[in-house]
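The primary structure of each chain is shown beneath.
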Amino acid sequence: EAAVTQSPRNKVTVTGGNVTLSCRQTNSHNYMYWYRQDTGHGLRLIHYSYGAGNLQIGDVPDGYKATRTTQEDFFLLLELASPSQTSLYFCASSDRDEQYFGPGTRLTVL
Amino acid sequence: GDQVEQSPSALSLHEGTDSALRCNFTTTMRSVQWFRQNSRGSLISLFYLASGTKENGRLKSAFDSKERRYSTLHIRDAQLEDSGTYFCAAEAGGSNAKLTFGKGTKLSVKS
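Here the residue numbers are simple positions, counted from 1 along each chain's written sequence. Throughout, the order in which chains and ligands are written sets their labels, letters from A for the former and numbers from 1 for the latter. Only residues with pLDDT of at least 70 get local features here, since the model is predicted, and only at 80 or more are side-chain atom pairs given and counted; chain-wide, interface and lining totals rely on the full set of residues. Note that the side-chain values use all heavy atoms of the structure and ignore hydrogens as well as water.

(A) Local environment of the overall build of chain A. The helix count covers DSSP runs of H or I at least four residues long, the strand count covers runs of E at least two residues long, and both are numbered beginning at the N terminus. When helices and strands are counted, chain A shows zero helices and eleven strands. Helices and strands in chain A line up, N terminus first, as β-β-β-β-β-β-β-β-β-β-β. Each radius of gyration reported is based on C-alpha atoms, and the globular scaling rule is 2.2 Å times the count of residues to the power 0.38. The C-alpha atoms of chain A give a radius of gyration of 13 Å, which matches the 13 Å a tight globule of 110 residues would have. With the C-alpha coordinates aligned to their principal axes, the bounding extent of chain A is approximately 35 × 25 × 25 Å. Here's how the labels work: a residue is buried when its accessible area is under 20% of the maximum for its type, exposed when over 50%, partly exposed in between, all with a 1.4 Å probe on protein chains only. Within the span of chain A, comprising 110 residues, buried residues form 48% of the whole. Partitioning the intrachain contacts of chain A with sequence separation of at least 6 by distance along the chain shows that 53% fall at a separation of at least 24. All accessible-area figures derive from a Shrake-Rupley calculation using a 1.4 Å probe, and residue coverage is judged against the displayed protein chains alone. For chain A, the accessible surface area stands at approximately 4,900 Å², while carbon and sulfur atoms represent 49% of it. In chain A, the 9 positive side-chain charges and the 10 negative ones have mean positions that sit 7 Å from each other. It only takes one pair of heavy atoms within 4.5 Å for two residues to be counted as in contact. Counted charges follow a simple rule, with Lys and Arg positive, Asp and Glu negative, and His plus the chain ends left uncounted. By convention, the charge on Lys lies at NZ, on Arg at CZ, on Asp at CG and on Glu at CD.

(B) Quick peek at the layout of surface pockets. Only protein atoms enter the 1 Å grid used here. Points where a 1.4 Å probe fits but cannot escape make up a cavity, open sets with protein on both sides within 12 Å along at least five of seven lines make up a pocket, and a residue lines them when an atom lies within 4 Å of a point. Grid points are joined across faces, edges and corners, and a volume is the space filled by probe spheres set on the points. In this structure, the largest pocket encloses a volume near 420 Å³. In terms of lining residues, the largest pocket is bounded by 20 residues, among which Q37(A), R106(A), Q37(B), N38(B) and G41(B) are the most central. Put simply, the parts of the chain that give the lining of the largest pocket at least two residues each are β9 (87-94) of chain A together with β9 (84-91) and β11 (105-110) of chain B. Take the lining of the largest pocket: its biggest share by element is three residues, from β9(B).

(C) Spatial organisation of unusual backbone geometry. Along the chain, S7(A) connects to P8(A) via a cis peptide bond; the corresponding omega equals -10°. Tracing the backbone shows P8(A) in the loop between β1 (4-7) and β2 (10-13). Put simply, S7(B) and P8(B) share a cis peptide bond, and its omega is -10°. Phi at D77(B) takes a positive value of approximately 50°, unusual for a residue other than glycine. Looking at the secondary structure, you find D77(B) in the loop between β8 (70-75) and β9.

(D) Molecular detail of the nonpolar core. Residue and element names in this part refer to chain B. In this structure, V4, F25, V32, W34, L46, L73 and Y86 are the most contacted members of the largest nonpolar core, which totals 21 residues. Counting residues per element, the ones that place at least two in this core are β3 (19-25), β4 (31-37), β5 (43-49), β7 (59-63), β8, β9 and β11. The residues touching F25, leaving out its near neighbours within four places in the chain, are Q3, V4, V32, F63, R68, R69, Y70, S71 and A90. The definition of a nonpolar core used throughout is a set of buried Ala, Val, Leu, Ile, Met, Phe, Trp, Tyr and Cys residues joined through side-chain atoms within 4.5 Å.

The following block contains the structure:
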């Protein structure tokens, strides 16, 4: 069974704050993804990666950076958080076919 | 417009009834995944299909193998625990393996 973990599970910060969301997968998958989910929308892709050191821009990248330090670890960085980034964030990994999702991180920017 | 269109957007069922959810794609897709999201926000993967049909208990999904432009999810004998929001997500192919999600179908099952 695929295992994708995320931390923290919940985070509250203030406008202008610096936030790092972490994702780890233990399946040796090459692909990893960061999504956000907002009311009225399905999940939307922020950034993704093919492997360590690789980064690709998704569909809603503005205000986000990401870094893939190892095959297992993918980080999402919000360097100047804004209230519009209040959302539920999901990480996923895949072997090119089925994607496996983490439990999500609820981020609130006050 | 949206590449992945889900219908209906909301559905209310009585226990024991059957239903069908649908996703239409504006372009040919390589594969489709179906998910259920519960009230706590957890995303549960139900099916991954690159073609044909798959069945798991009271759930069955199909992906149009000819034109690859739609997928369906059938729920048989609906139970209270089937309540939640159902998402389909499709991948168009190519090197990037990106999923595009629909906006979801909110299903309420009532006794």
